[in-house]
Amino acid sequence: MRTQRQVVDYALQRRALLAEVYSGRVGTMEVCDADPYLLRAAKFHGQPSNVTCPVCRKETLTHVSWVYGDELKHAAGSARTVEELARMATLFEEFSVYVVEVCRTCSWNHLVQSYVLGTRGLRSGKPRRRTAAE
């Protein structure tokens with residue numbers, strides 16, 4: 001998306017957690033604990049990925065995008081599709097998106113990425129006023 005900024009990738013954290021699981025220091029019951037609301041959101045709002053679940057290896061993972069921001073009001077804390085995110089990016093000044101991967105078979109879930117969307121900082125058609133410091 002054109003307005004995507006402040007991207008944070010959690011791949012290193014994911015890799016470290018999976019190394020702990022594979023070595024036996026962390027049990028699968030500790031990491032396969034997806035909330036029923038997250039599993040339902042994956043079913044209706046999720047975007048299928050091409051990555052197989054690293055725990056059960058039975059199903060491909062689903063990415064669910066959660067939105068948060070003061071400007072969103074009642075929509076904050078809800079799951080949104082990619083199409084809805086694109087539309088919201090043009091309507092709101094700034095909001096955060098958190099992408100969670102979830103396996104609907106074993107309930108593995110992990111934060112994959114976070115970023116900010118919105119119209120803040122985009123140049124509009126009219127010139128903005130400059131301050132004395134500029």
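Conventions used here
Per-chain numbering applies: the sequence of each chain, read as written, is numbered from 1 onward. The predicted origin of the model limits local features to residues at a pLDDT of at least 70 and limits the giving and counting of side-chain atom pairs to 80 or more, whereas totals for whole chains, interfaces and linings rest on all residues. Excluded from the side-chain calculation are hydrogens and water; included are all heavy atoms of the structure. The pairing criterion is simple: DSSP has to find at least two bridges between the two strands. Per the convention used, a helix needs a DSSP run of H or I reaching at least four residues, while a strand needs a run of E reaching at least two, with both numbered from the N terminus. Classification of residues uses two cut-offs on accessible area relative to the type maximum, computed with a 1.4 Å probe and protein chains only: under 20% is buried, over 50% is exposed, and between them is partly exposed. Note on contacts: a residue pair qualifies if any of its non-hydrogen atoms lie within 4.5 Å across the two residues. We call a set of buried residues a nonpolar core when its members are Ala, Val, Leu, Ile, Met, Phe, Trp, Tyr or Cys and they connect through side-chain atoms within 4.5 Å of each other. The reported arc concerns the directions from the helix axis to the C-beta atoms and nothing else. Salt bridge, as used here: a side-chain nitrogen of Lys or Arg that lies within 4 Å of a carboxyl oxygen of Asp or Glu.

Peer 1: Break down the pairing of strand β3 (residues 60-68) for me, citing the residues and quoting the values.
Peer 2: In this sheet, β3 lies alongside strand β2 (residues 47-52) in antiparallel orientation, the contact comprising three bridges. When the bridges of β3 are listed, T52 appears paired with T60. The pairing of β3 with strand β5 (residues 95-102) spans seven bridges and is antiparallel. Looking at the pairing, V67 lines up with V97 of β5.

Peer 1: So what's going on with unusual backbone geometry? Which residues, and what values?
Peer 2: In the Ramachandran plot, Q6 falls in the positive-phi region, its phi being about 55 degrees despite a non-glycine side chain. Counting through the fold element by element, Q6 comes out in strand β1 (residues 5-9). Residue Q6 is classed as exposed on the basis of its relative accessible area of 58%.

Peer 1: Could you give me a rundown of the side chain of H110, with the residues and numbers involved?
Peer 2: With respect to the helices, strands and loops of the structure, H110 is situated in strand β6 (residues 109-117). Residue class for H110 comes out buried when judged on its relative accessible area of 9%. For H110, the residues in contact, after removing those within four places along its chain, are Y10, Q13, R14, L17, V99, V100 and E101.

Peer 1: Can you explain the nonpolar core? Please cite residues and give values.
Peer 2: Core analysis: the largest hydrophobic core is formed by twelve residues, namely L18, V21, V26, V31, C32, C53, V55, C56, L61, C103, C106 and W108. In contact with C106, not counting residues within four places along its chain, are C32, C53, V55 and C56. Judged by nonpolar contacts, the second largest core, of eleven residues, contains L85, A89, V99 and Y115.

Peer 1: Can you break down helix α4 (residues 82-91) residue by residue, with the values?
Peer 2: Within the sequence span of α4, burial applies to L85, M88 and A89. For α4, the arc enclosing every buried residue in end-on projection is 105 degrees, short of the 170-degree limit, so these residues lie on one face. Relative to its buried face, α4 has exposed residues pointing more than 90 degrees away, namely E83, T90 and L91.

Peer 1: Give a description of the side chain of S65 that names residues and reports values.
Peer 2: Along the chain, the position of S65 falls in strand β3. Other than its neighbours up to four places away in sequence, S65 contacts S78, A79, R80, L85, V97, Y98 and V99.

Peer 1: Tell me about the pattern of salt bridges, and name the residues and values.
Peer 2: Under the counting rule described, the total for this entry stands at four salt bridges. Measuring nitrogen to oxygen at the nearest pair gives 2.5 Å for the salt bridge that ties E101 to R14. Remark: R14 occurs in helix α1 (residues 11-23) and E101 occurs in strand β5; sequence separation between them is 87 residues. Residue classification places E101 among the buried residues on the basis of a relative accessible area of 4%. In this structure, R80 and E84 form a salt bridge, with 3.7 Å as the shortest nitrogen-oxygen distance.

Purely geometric numbers; function is a separate question.
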